[in-house]
Amino acid sequence: MKGAIEVNTERCKGCQLCIIACPQKVIAMAGKVNLHGYPYVEAANEEACIGCASCGIVCPDGCITVYRKRVEE
């Protein structure tokens with residue numbers, strides 16, 4: 001499986017729960033702030049994402065959308 005995440009940066013409040021929940025260490029703080037003044041997260045290591053959806057499950061604001069696709073080798 002190959003995964004990908006999309007973060008709604010304007011809704012993210014930078015709680016970092018998704019960073020802790022990610023087993024592949026895909027997510028990191030962006031080092032920027034959104035329009036509301038909150039720091040937000042981004043997919044820093046996208047190629048490592050397996051689409052497990054742990055980040056999306058723990059996000060209290062529903063900011064993360066997880067995509068999965070089967071990769072044929």
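Look above for the structure.
Per chain, the residues get numbers from 1 upward, laid out in the order the sequence is written. Whole-chain, interface and lining totals are the exception, using all residues; otherwise, since this is a predicted model, local features are given only for residues with pLDDT of at least 70 and side-chain atom pairs are given and counted only at 80 or more. To get the side-chain values, all heavy atoms of the structure are used, and hydrogens and water are removed first.

*Asks:* Which parts of the structure should I look at to understand the overall build of the protein chain?
*Replies:* Helix and strand definitions follow DSSP, with helices as H or I runs of at least four residues and strands as E runs of at least two, each counted in order from the N terminus. Secondary structure assignment for the protein chain yields two helices and four strands. Ordered by position from the N terminus, the helices and strands of the protein chain form the series β-α-β-β-α-β. Relative to the compact-globule value of 11 Å for 73 residues, the protein chain shows a C-alpha radius of gyration of 12 Å, a close match. With the C-alpha coordinates of the protein chain rotated into their principal frame, the extents come out at 45 × 20 × 20 Å. In the protein chain, which comprises 73 residues, the proportion classed as buried is 29%. Surface summary for the protein chain: the accessible area is close to 4800 Å², and the carbon and sulfur share equals 51%. As defined in this context, the radius of gyration uses C-alpha atoms, and a globule is described by 2.2 Å times the residue total to the power 0.38. When accessible area is computed with a 1.4 Å probe and restricted to protein chains, residues below 20% of their type maximum are described as buried, those above 50% as exposed, and intermediate ones as partly exposed. Only the protein chains shown count as cover for residues, with accessible areas throughout obtained via the Shrake-Rupley method and a probe of 1.4 Å.

*Asks:* What is the right way to look at the nonpolar core in this model?
*Replies:* Here is a general trend for soluble globular proteins: nonpolar side chains tend to be buried in one another's company. Grouping buried Ala, Val, Leu, Ile, Met, Phe, Trp, Tyr and Cys residues that are joined through side-chain atoms within 4.5 Å yields what is termed a nonpolar core. One finds I5, I27 and I64 to be the most contacted residues of the largest nonpolar core, which totals 16 residues. Any two residues whose heavy atoms approach within 4.5 Å at even a single point are treated as in contact. With residues near it in sequence (within four places) discarded, I5 still touches I27, A43, C49, C55, I64, T65 and V66.

*Asks:* Mind showing me how you'd approach unusual backbone geometry here?
*Replies:* Note on backbone geometry: most residues besides glycine have negative phi, and most peptide bonds are trans. Of note in the backbone geometry, Q16 takes a positive phi value of approximately 70 degrees without being a glycine. Relative to the helices and strands, Q16 is located in the loop between β1 (2-7) and α1 (17-21). Taking relative accessible area as the criterion, Q16 reaches 35% and is therefore assigned partly exposed. A positive phi is found at A53, a non-glycine position, where the angle reads about 70 degrees. With respect to the helices and strands, A53 occurs in the loop between β3 (39-43) and α2 (54-58). Overall, the relative accessible area of 17% leaves A53 in the buried class.

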